[in-house]
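Structural features, examined
The chain contents come next:
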Amino acid sequence: MGDRPLATGAAGLAQWRALFPILAQPVNGRPLAYLDNAATTQVPLPVQDALRRFEQHDRANIHRGVHTLSQRATDAFERARGELERFVGAGAAHELVFTSGTTDALNLVAHGLSTAGISPATIRAGDEIVVSGLEHHANLVPWQQAARRAGAVLRILLPDEQGQLHADDLARLLTPRTRVFALTACANATGERPPFEALLAQAAAAGALTVLDAAQAVGHGTLDVSALACDFLAFSGHKMYGPMGTGALVGRRDALERLEPLRYGGDMVVWVTQEQASFAELPARLEGGTPNVAGAVGMAAAAAFIEQVGRQAIDEHVAALRAHAVAGLAALPGVTVLSADGGPSAIVSFVAEGVHPHDIGTLLDEQGIAVRTGHHCAQPLIEHLGLGPTTRASFALYNTHDEVERLLAGVAHALEVLR
Ligand code: PMP
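Here is a short report on the structure shown in this document.

1. Looking at the overall build of the protein
Within the protein, the secondary structure is distributed over 13 helices and 15 strands. By the compact-globule yardstick of 22 Å for 419 residues, the protein fits well, its C-alpha radius of gyration being 22 Å. By its C-alpha atoms, the protein is 70 × 55 × 35 Å across when sized along the principal axes. Residues classed as buried in the protein amount to 55% of the 419 residues present. Contacts spanning at least 24 positions in sequence make up 71% of the contacts within the protein whose residues lie at least 6 apart. Split by element, the accessible area of the protein, about 16,700 Å² in all, is 53% carbon and sulfur. Looking at the protein, you have 31 positive and 43 negative side-chain charges, and the mean spots of the two groups are 4 Å apart.

Okay, here's the thing in structure tokens:
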């Protein structure tokens with residue numbers, strides 16, 4: 001069924017939308033227009049079914065039991081790992097580590113590279129870390145802490161006034177001391193889609209380890225980590241139609257080997273005495289404690305669902321919704337759309353002269369339209385652009401052009417009321 005246009009065709013959007021019962025639930029007496037997908041997408045029935053099946057038939061702790069349910073749960077967990085590896089294009093040189101989300105994955109990398117323990121720290125005093133200025137706090141604050149811990153220098157690849165990153169600026173920042181370059185595949189606060197393929201390649205060529213925050217990319221456009229100069233790729237299950245509080249870190253094995261674990265304990269050791277321990281191979285070494293096994297199963301079901309709908313079809317659909325919203329919002333008086341030409345993405349973010357986004361968001365909510373307002377956990381970027389907090393709508397495969405029209409009418413109405 002995959003890769004037919006979503007909005008047309010016999011199958012059509014309605015068929016997929018019907019798999020998300022929450023969308024049929026009125027909110028504040030109005031049909032729900034759920035436009036907060038960059039924070040959390042909704043979960044379709046096939047994913048809910050996979051979760052229920054696991055909980056009803058296979059639930060047990062993994063890796064440690066000889067009994068049948070434990071083995072079934074272990075098989076389900078490891079199968080999910082393999083399916084998600086394939087989903088992001090991981091090859092024989094990669095491993096996937098389950099995490100609770102992108103934040104957890106990025107902390108694992110930043111902490112792991114800047115802390116000595118099982119192996120020496122990769123980032124040391126006098127080294128340099130380059131982070132793009134488009135980042136969510138999750139891909140900035142862990143690097144601030146890593147720099148502090150290691151005595152390293154943090155440098156920011158600032159975007160221009162349009163919120164775009166440039167290769168020549170990166171070239172000026174890269175030095176033989178650059179150990180890490182961290183970048184987003186799409187800025188969650190603006191919808192800017194940087195040329196991450198080229199920027200990662202440039203940093204890798206300069207000898208840096210490269211980190212890609214794919215939180216806003218994994219739910220649609222095809223991500224192929226094997227085709228990228230990417231050592232670490234982080235993403236969240238709850239932004240790709242999967243369960244809440246799930247995610248993964250995919251890395252090249254030799255890069256993952258450099259990470260000091262964040263959590264010591266069960267499941268990540270081979271052999272332990274009162275004084276010391278020897279540690280498991282990857283990926284178990286980085287997965288201390290009981291993981292979210294149902295979450296992993298649900299995430300793999302979400303990946304299968306995305307593939308069934310068709311990644312290219314989803315990508316084209318959300319980009320068309322964004323283009324529709326950008327054109328409509330930019331035509332409203334006193335409205336500025338951030339990264340209006342930011343490339344294809346699923347996010348539109350705007351400011352309106354003289355009106356606080358919180359008030360816009362509240363009036364939209366009264367009409368059943370769910371958007372997000374504020375700094376979107378990207379305060380330095382919002383401040384750098386000099387625009388203040390924004391209103392953000394973000395799209396998923398089930399959103400419609402009618403919902404974009406409702407958003408546009410709702411914003412126009414809010415501006416009238418509030419000005
Ligand atoms: N990075 C980006 C680009 C994001 O959009 C988000 C979530 N808004 C995160 C990281 C953090 O993801 P999580 O809360 O799932 O850990």
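2. Quick word on the sheet that holds strand S14 (residues 372–374)
The antiparallel open sheet is built from four strands, whose spatial order is S11-S12-S15-S14. With one partner strand each, in any of the chains shown, strand S11 (335–337) and S14 form the two edges of the open sheet. Taken pair by pair, the neighbouring strands of this sheet meet at an average axis angle of 25°, ignoring direction. The sheet contact formed by S11 and strand S12 (residues 347–352) spans three bridges and is antiparallel. Across the sheet, residue valine 335 finds its bridge partner in S12, namely alanine 352. In this fold helix H10 (residues 311–330) packs onto S11 and S12, with an angle of close to 10° to the strand it touches most, S12.

3. Examining the pattern of salt bridges
Going through the model one piece at a time under the given rule, you end up with 18 salt bridges. For arginine 81, the salt bridge is made with glutamate 78, and the minimal N-O distance between the two is 2.7 Å. With arginine 81 and glutamate 78 both in helix H3 (residues 68–87), this residue pair falls three residues apart, about one helical turn. For arginine 179, the salt bridge is made with aspartate 127, and the minimal N-O distance between the two is 3.2 Å. Remark: aspartate 127 occurs in the loop between helix H4 (102–114) and strand S3 (128–132) and arginine 179 occurs in strand S5 (residues 178–184); sequence separation between them is 52 residues. One continuous salt-bridge network, built from bridges that share partners, spans Asp36, Arg372 and Arg392.

4. Some thoughts on helix H7 (residues 196–205)
All buried positions along H7 are accounted for by Phe196, Leu199, Leu200 and Ala203. The buried residues of H7 occupy an angular sector of 100° when the element is viewed end-on, so they sit on one face. As for H7, its buried residues are in contact with helix H6 (167–173), S5 and strand S6 (209–213). Directly after H7, the chain includes glycine 207, whose backbone phi takes a positive value near 95°.

5. A short note on H4
With 13 residues, H4 ought to run about 18 Å at 1.5 Å a step, and its terminal C-alpha atoms sit 18 Å apart, in line with that. Of all 13 residues in H4, 11 are buried; the element is thus mostly enclosed. Within the sequence span of H4, burial applies to Thr102, Asp104, Ala105, Leu106, Leu108, Val109, Ala110, His111, Gly112, Leu113 and Ser114. In this structure, the buried residues of H4 make contact with strand S2 (94–99), helix H5 (141–150), S5, S6, strand S7 (232–236) and strand S8 (247–252).

Conventions used here
Residues numbered from 1 in each chain as written. Predicted model: local features only at pLDDT ≥ 70, side-chain atom pairs only at ≥ 80, totals over all residues. Heavy atoms only, no water. Helix = DSSP H or I, 4+ residues; strand = E, 2+ residues; numbered from the N terminus. Rg over C-alpha atoms; globule rule 2.2 N^0.38 Å. Buried < 20%, exposed > 50% of the residue type's maximum accessible area, 1.4 Å probe, protein only. Contact = heavy atoms within 4.5 Å. Areas by Shrake-Rupley, 256 points an atom, 1.4 Å probe, with all protein chains shown as cover. Lys, Arg positive; Asp, Glu negative; His and termini not counted. Charge placed at Lys NZ, Arg CZ, Asp CG, Glu CD. Pairing = 2+ DSSP bridges. Axes fitted to C-alpha atoms, helices over the stretch in contact; angles between N-to-C directions. Salt bridge = Lys/Arg side-chain N within 4 Å of Asp/Glu carboxyl O. Arc of directions from axis to C-beta. Expected span 1.5 Å × (residues − 1).

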